[in-house]
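These are the residues of each chain, in order.
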Amino acid sequence: MKFEMKKKLLAFLHPLRTHYEERYRKRYRNARIFFIVDLVLLGVILALGSTTIFLLASSRIINVNFDVQHRAPSALLRMRIDTPPNIFRGSETDIAISYENIGAATLQDVTLSFEASVGIEFTDQGIVRQIGDVGAGASGTLHLVGIVRESSARLVAEATAERAGRKILAGSIAETIKSVPSGITVSHRYLGAETVRPGDTLLFEVGYENNGSYTIEHAALGLHIENPGLVEWARASGAKRLSDTFFGVSAVELPALAQSRSGTSFSVSVPTLSRIPKTAVFGGRNGVLRVRARLTGTIDGTPVAFVGKMREIKVASALSVEAFARYYSPDGDQLGRGSLPPVSGETTKLWIIWHIQNTTNEVRNVRVEGRLPPNVEWTQRASVTSGGAVSYDRETRRVAWIVESVPSFPDEAEPLGASFEVAITPTAAMVGTTPTLLQDVTIRGEDAFTGLTLEARGAFVTTDLTHDIFGRSKGTVQE
């Protein structure tokens, strides 16, 4: 047994002995020392190499675990994009995005955002949707209305969620959406300026062409007005309101639409409101009338809606000033001094109030002015809620107030205003009248969105205290 072990050991060491004899013993005087040193160095190199490989492998394991820990949420929201089997090029298409939380925990504050190639556009206002919290196992579906204008377009949807105060990727999906040519196009021609004032009427020509093999039945042609709250529908003409946002004609009014085989067009007028409410403006900012040509009907029994390119027409803001006088505050505190009702030959002091009113757009460099009649005097008492101080020019008898910027839809609960005191000494000729305290009231400014200069006149301010519930009917001059 020992002999066999010794034989195997000698066989194992034979290559080393041969290497020593040929490379060291025949070349060097101290061959054995050099040989031992080289073996030690070789052992160190092998040890270092093994350690390096181990550390690299450990680092990769750590990195993999790190990635998995942070990327795991990307698979927690399973998503799917569904579209109709046949999509006609240039028509509205319902795109359904379904999602399901396949994780074990609630995903908080989920937001879905969409990015599309140039071949597709959306009719929706914005392509970011707030979903909120999505519980474990919960699911839902949201819809986008898209228009595919190329043979194919790529849509990417991504979902993010809140975790430990930061956004994480919760899911994503990409889909290529294909369309088939229809030969049908719709368009409109706008016959006006790119910026208009509230109350202006906008003129359009709407038409279509059908050069394809499809027939549209039950056709209706007109304008899709995305924000109809800007329109004064009672004055609209040339078509009828087929739905809340569709202003057009059917085959009854335009027989050429019956088969929709050849091009035709007609004219419509769309008047804007003279004063646009806040509810009519998306996001409460800037007046923009968004319009598309639209052709609806059915193809082989399937509802379709072909739409043209979006046209955006800027609508200027409506800037105005409310001017009135007070003797008492809204709470009943006495502000004025002297007789009320005013008495001939006696001085009565009242306060004149200016409230700036504005609608859709920011207005800059706003100036409010008014002129005092000869029998009314400036008392030098004034206050403002914003902007510069109220000033008075004795030579022109003009009172002025400048505000650098007036926001859209100022807070009605805390009006943007100025007030100043005036004194009037009525003459005998004024007995039985309500004398003027301020005349030639005007307001001017520059619309920051449209660049148009805005100007409006305010009412003359008299001693008729219609805005003063405590002084009302006490403004007529007495003897």
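For the protein, the helix and strand inventory stands at two helices and 29 strands. Considering the protein as a whole, with its 479 residues, one finds that 41% of them fall into the buried category. Within the protein, contacts between residues at least 6 apart in sequence are counted, and of these 73% link residues at least 24 apart. Carbon and sulfur atoms make up 52% of the accessible area of the protein, which amounts to about 26,100 Å² in all.

Turning to the pattern of salt bridges, a few remarks are in order. Applying the stated criterion to the full structure yields 20 salt bridges. R80 serves as the salt-bridge partner of D82, at 2.9 Å between the closest nitrogen and oxygen. For R80, a relative accessible area of 46% corresponds to the partly exposed category. What you see here is one network of salt bridges that share partners, running through R367, E369, R398, R444 and E455.

Inspection of the entire model under this criterion finds nine aromatic pairs. For the pair F88 and Y214, a centre-to-centre distance of 4.9 Å together with 75° between the ring planes defines the contact as edge-to-face. In this pair, F88 is assigned in the loop between β1 (77–82) and β2 (92–101) and Y214 in the loop between β11 (201–210) and β12 (217–225), connecting sequence segments 126 residues apart. Y214 sits in the partly exposed class, given a relative accessible area of 25%. Put simply, the rings of W354, W378, Y392 and F420 touch in pairs and so form one group of aromatic residues. Here the basic side chain of R294 rests over the ring of F246, its NZ or CZ set 5.6 Å away from the ring centre. Here K314 stacks its cationic end above the ring of F449, 4.8 Å away from the centre of that ring.

By the secondary structure assignment, P373 is in the loop between β22 (363–371) and β23 (376–384). The buried category is assigned to P373, whose relative accessible area is 6%. Put simply, P373 and Q439 are 66 residues apart on the chain and 7.1 Å apart in space, counted from C-alpha to C-alpha.

On to the nonpolar core. If you look at the biggest cluster of nonpolar residues, it comprises 38 residues, and the most contacted ones within it are F204, L289, L295 and F306. When residues of this core are traced back to their parent elements, those giving at least two are β9 (184–190), β11, β12, β14 (246–250), β15 (264–271), β16 (287–299), β17 (302–307) and β18 (311–315). When residues of this core are assigned to their parent elements, the largest contribution, five residues, is made by β16. Beyond its immediate sequence surroundings of up to four residues, F204 is in contact with H188, R189, Y190, L223, F266, S267, V268, V270, V291 and I313. Among the nonpolar cores identified, the runner-up in size contains 37 residues, and A316, W401, V422 and L465 belong to it.

Remark on secondary structure: sheet strands pair via backbone hydrogen bonds, oriented parallel or antiparallel. Taken together, four strands build an open sheet; the order of strands is β5-β3-β7-β8 and the sheet is antiparallel. Single-partner strands in this sheet number two, and they are β5 (128–134) and β8 (166–178). Each adjacent strand pair in this sheet contributes to an overall mean axis angle of 20°, direction not counted. The pairing of strand β7 (residues 152–163) with β8 spans twelve bridges and is antiparallel. Note on β8: the bridge partner recorded for A161 is I168.

With that settled, the discussion passes to the side chain of N361. By secondary structure assignment, the location of N361 is in the loop between β21 (348–357) and β22. Classification of N361 by relative accessible area gives buried; the value is 0%. Residue contacts for N361: discarding those within four places in its chain leaves N286, G287, V315, A316, S317, V406, P407, S408, D447, F449 and T450.

Once that is clear, we can look at the sheet that holds strand β4 (residues 120–122). As summarised here, the arrangement of the four strands in space is β1-β2-β6-β4, forming an open sheet in which the pairing is antiparallel. Taken across any chain shown, the strands that pair with only one partner, and hence form the sheet edges, are β1 and β4. Ignoring which end each strand starts from, the neighbouring axes of this sheet average 35° apart.

Below, the discussion takes up unusual backbone geometry. Peptide bonds are trans in most cases, and residues, glycine excluded, mostly fall at negative phi. Omega for the peptide link from L340 to P341 comes to 5°, which places this bond in the cis form. Turning to its location among the elements, P341 is positioned in the loop between β20 (337–338) and β21. One non-glycine residue, Q380, adopts positive backbone phi at about 75°. Inspection of the secondary structure puts Q380 in strand β23. Among the residues examined, Q380 registers a relative accessible area of 59% and is labelled exposed. Residue F409 is not a glycine yet carries a positive backbone phi of 45°. Within the secondary structure, F409 is located in the loop between β25 (398–406) and β26 (416–424).

Taken as a whole, the protein shows an average pLDDT of 85; of its residues, 82% reach a score of 70 or greater. Across residues 59–74, where pLDDT falls below 50, the model places ten contacts with residues more than four positions away in sequence or in other chains.

With respect to the element layout, T298 can be found in strand β16. What makes T298 buried here is its relative accessible area of 15%. When near neighbours in sequence (up to four residues on either side) are disregarded, T298 contacts T215, I216, E217, H218, P303 and V304.

Note on placement: V422 falls in strand β26. For the pair V422 and L372, spaced 50 residues apart in sequence, the C-alpha separation works out to 8.8 Å. Non-local contacts of V422, meaning those with residues more than four positions away in its chain, are made with T348, K349, L350, I352, L372, V376, E377, T379 and L437.

What follows concerns the environment of T123. Mapped onto the secondary structure, T123 falls in the loop between β4 and β5. Between the C-alpha atom of T123 and that of T93, which follows or precedes it by 30 residues, the distance is 9.9 Å. Residues within four places of T123 in sequence aside, it is in contact with E92, V145, I147, E226 and R292.

Reading the values: rules and limits
- Residues numbered from 1 in each chain as written.
- Predicted model: local features only at pLDDT ≥ 70, side-chain atom pairs only at ≥ 80, totals over all residues.
- Heavy atoms only, no water.
- Helix = DSSP H or I, 4+ residues; strand = E, 2+ residues; numbered from the N terminus.
- Buried < 20%, exposed > 50% of the residue type's maximum accessible area, 1.4 Å probe, protein only.
- Contact = heavy atoms within 4.5 Å.
- Areas by Shrake-Rupley, 256 points an atom, 1.4 Å probe, with all protein chains shown as cover.
- Salt bridge = Lys/Arg side-chain N within 4 Å of Asp/Glu carboxyl O.
- Phe/Tyr/Trp six-rings, centres within 6.5 Å; stacked < 30°, edge-to-face > 60°.
- Lys NZ or Arg CZ within 6 Å of the ring centre and 35° of its normal.
- Core = buried A, V, L, I, M, F, W, Y, C linked by side-chain atoms within 4.5 Å.
- Pairing = 2+ DSSP bridges.
- Axes fitted to C-alpha atoms, helices over the stretch in contact; angles between N-to-C directions.
- pLDDT = per-residue confidence, 0-100.

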